[in-house]
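Descriptive structure summary
Listed below are the residues making up each chain.
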Amino acid sequence: MATQDSSQIPDTLTAVDATGNSVVVIGPQGEKEEHTKIVVMKFGGTSVADGDCIKRVAGRIVDTHRSGHPVVAVVSARGDTTDELIELAYEISSHPLEREMDMLLSTGERISAALVTMAIHELGCNAISLTGSQAGIVTDTAHTKAKIVGIKPRRVQEALDQGKIVLVAGFQGVSIDNDVTTLGRGGSDTTAVALAAALNAQVCEIYTDVDGVYTADPRVVPEARKLDQISYEEMLEMAASGAKVLMLRCVEFGRRYGVPIHVRSSFADTPGTWIRQEEEPMEQAIVSGITYALDDAKVTVHRLPDRPGVAAGIFTALAKANVNVDMIIQNISEGGTTDVSFTVSEEDLPLVDLVTGAFKEEFGFDRVESDANMAKVSLVGAGMKSNPGVAAKMFEVLAARNINIYMISTSSIKISCVVAKARMAEAVRALHEAFNLDKSLVRRDQGATLR
């Protein structure tokens, strides 16, 4: 469900005009004026891990500023700061309050923003650091997993108009109830692309410890190849299927508002991977990449009464508990009951147990069984839309290696299979080889070989 968060992306974003009034600058489906010269740069935790890294980041920001571009830079918490804060919280409490977790975790990005600002001043440029709330990022009230509902970056625009570089603490905002909130893991990516949309930026550059988006995880497939460009739709599917390069919601912001995203290395001044609207080249890859997710778990509700409204009731309850459900399969009814299987994030299993337990008597099912020893392997590629037989070949490749498929999900540009976690790496390598993803281009005419 690659576009599962699209309903959470606001239909309009706001900025500030010369008189300080909020004005709508972007409407639905990316309808906007010509891009400004503003460049939004985002730096991940490894990019600001220590003093030398921070100075390097400051130098790159200053170089962009001196080239004539107003710069807004979004930074993540340094290194393992977020993990350390979470560990500390659980030393204090076995069930830390979510509101206080947001107060705690938001400090990591503020530290990074202040330190990079200091480093920029040392290089002779004027800069200011802002928290997420100061930057005008407004969210809903879902602590630890908040969604952006609007952006009013008045202070950001004022600082840019004064010739300042603006550093924004990523991953955070302020709720409509005026509480500090965080956006979930990888939320700094969303902060950056949403700001780029609200400011009508020329580009949002995402700097990370890899130099782009690859056809597969190079740690699993050494032959994996860096992609020069990929469409929003393909990147959405890859992010939803387990690729860790970008957060799903940040890609959806980019797609909806037409923000070009450039994923680049923090440690090398080389081109990365461009993510933008799909073009129609003469030759296009059938499969652009292979992703995997190791944090999925399969849940099966056994002997659920097969009558209208029962499944809806369970999935509505899970949605209200903020549990994201991915694949869903319902077996053929026998004796008035059926089994329903679905996948969720492994970290949500306690919530699933809590929700289903509360509704067991009401819905009358037999039991709930979960299995966390699962992995999701996905093929992604816009070329699938015009090349039949991709799914058949995927199944043949896995069958030839005796890799069992437990669940299947498809879209026009993605095929996902749930397999045993222990067989994930073998499955990814086999599929990467079978679809020739180590080659510079997989041509459309190769589709004729698929059956």
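Note that the structure is a prediction, hence the values are computed from the model and not measured.

Looking at unusual backbone geometry
For Phe-171, which is not glycine, the phi dihedral falls at a positive 75°. Along the chain, Phe-171 turns up in the loop between strand 8 (165–169) and strand 9 (172–175). The buried category is assigned to Phe-171, whose relative accessible area is 7%. Its identity as a non-glycine residue notwithstanding, Arg-303 has a phi of 55°, on the positive side. Position of Arg-303 among the secondary structure elements: in strand 16 (residues 296–305).

What about the nonpolar core?
Counting 48 residues, the largest nonpolar core has Val-40, Val-72, Met-235 and Leu-246 as the members making the most contacts within it. The biggest single contributor to this core is helix 5 (residues 187–198), with 7 residues. The residues contacting Leu-246, other than those within four sequence positions of it, are Asp-189, Ile-206, Met-235, Ala-239, Val-251, Ile-261, Val-263 and Ile-275. Counting 28 residues, the second largest nonpolar core, distinct from the first, contains Val-221, Met-384, Val-390 and Leu-437.

Details of the pattern of salt bridges
This model, assessed by the stated rule, comprises 16 salt bridges. When the shortest N-O distance is used, the salt bridge between Asp-269 and Arg-60 registers 3.8 Å. With Asp-269 in the loop between strand 13 (261–265) and strand 14 (273–276) and Arg-60 in helix 1 (residues 51–66), this residue pair connects regions lying 209 residues apart in the sequence. Classification of Asp-269 as exposed rests on a relative accessible area of 64%.

Digging into the side chain of Gln-172
Within the element layout of this structure, Gln-172 appears in strand 9. Within polar-contact distance, the side chain of Gln-172 engages the backbone oxygen of Ser-106 at 3.0 Å.

A look at the sheet that holds strand 21 (residues 407–411)
Across a sheet, strands are paired by hydrogen bonds formed along the backbone, either parallel or antiparallel in direction. Taken together, the 4 strands give an open sheet; going across it, the order is 15-20-22-21, and neighbouring strands pair in antiparallel fashion. The open sheet has two edge strands with one neighbour each: strand 15 (289–293) and strand 21. The sheet shows a mean angle of 20° between the axes of neighbouring strands, taken without regard to direction. Judged from the 5 bridges that link them, strand 21 and strand 22 (residues 414–420) form a sheet pairing that is antiparallel. Residue Ile-408 lies in a different strand from strand 22, and its bridge partner there is Cys-417. Sheet contacts for helix 10 (residues 390–400): strand 20 (374–380), strand 21 and strand 22; angle to strand 22, the most-contacted strand, approximately 20°. Strands in contact with helix 11 (residues 424–434) are strand 15, strand 20 and strand 22; relative to strand 20, the strand with the most contacts, it is inclined by about 15°.

Regarding the packing of helix 5 against helix 7 (residues 248–257)
Two elements in contact, helix 5 and helix 7, have axes separated by 8 Å at closest approach and are oriented at 15°. Comparing the axis directions of helix 5 and helix 7 gives the class roughly parallel. The two elements helix 5 and helix 7 cross, and the hand of that crossing is left-handed. In this structure, helix 5 contributes Asp-189, Thr-190, Val-193, Ala-194 and Ala-197 to the contact, and helix 7 contributes Arg-249, Cys-250, Phe-253, Gly-254 and Tyr-257. Each residue belonging to the contact of helix 5 with helix 7 can be placed in one class, and the counts come to 6 nonpolar, 2 polar and 2 charged.

Procedures and definitions
- Numbers given to residues run from 1 along each chain, matching the order in which its sequence is written.
- The predicted origin of the model limits local features to residues at a pLDDT of at least 70 and limits the giving and counting of side-chain atom pairs to 80 or more, whereas totals for whole chains, interfaces and linings rest on all residues.
- With hydrogens and water excluded, all non-hydrogen atoms of the structure serve as input to the side-chain values.
- Under the DSSP-based scheme used, a helix requires at least four consecutive residues in state H or I and a strand at least two consecutive residues in state E, with every element numbered from the N terminus.
- Only protein chains enter the accessibility calculation, which uses a 1.4 Å probe. A residue is then buried if its area is under 20% of the maximum for its type, exposed if over 50%, and partly exposed in between.
- We define a nonpolar core as any set of buried Ala, Val, Leu, Ile, Met, Phe, Trp, Tyr and Cys residues linked to one another through side-chain atoms lying within 4.5 Å.
- Two residues qualify as a contact provided that any one of their heavy atoms is within 4.5 Å of a heavy atom in the partner residue.
- When a carboxyl oxygen of Asp or Glu lies within 4 Å of a side-chain nitrogen of Lys or Arg, that pair is called a salt bridge.
- Under the rule applied, a polar contact is a pair of N or O atoms within 3.5 Å (in protein, one hydrogen donor and one hydrogen acceptor; residues adjacent in sequence only if both atoms are side-chain atoms).
- A strand pair is defined by DSSP finding two or more bridges across the two strands.
- An axis is simply a line fitted to the C-alpha atoms; with a helix, the fit covers only the stretch in contact. Between two such axes, the angle follows the N-to-C directions and lies from 0 to 180 degrees.
- Between 65 and 115 degrees an angle is taken as roughly perpendicular, under 35 as roughly parallel, over 145 as roughly antiparallel, and anywhere else as oblique.
- Two helices crossing with the near one rotated counterclockwise from the far one by less than a right angle form a left-handed crossing, whereas a clockwise rotation gives a right-handed crossing.
- The residue classification treats Ala, Val, Leu, Ile, Met, Phe, Trp, Tyr, Cys and Pro as nonpolar and Asp, Glu, Lys and Arg as charged. All others, Gly included, are polar.

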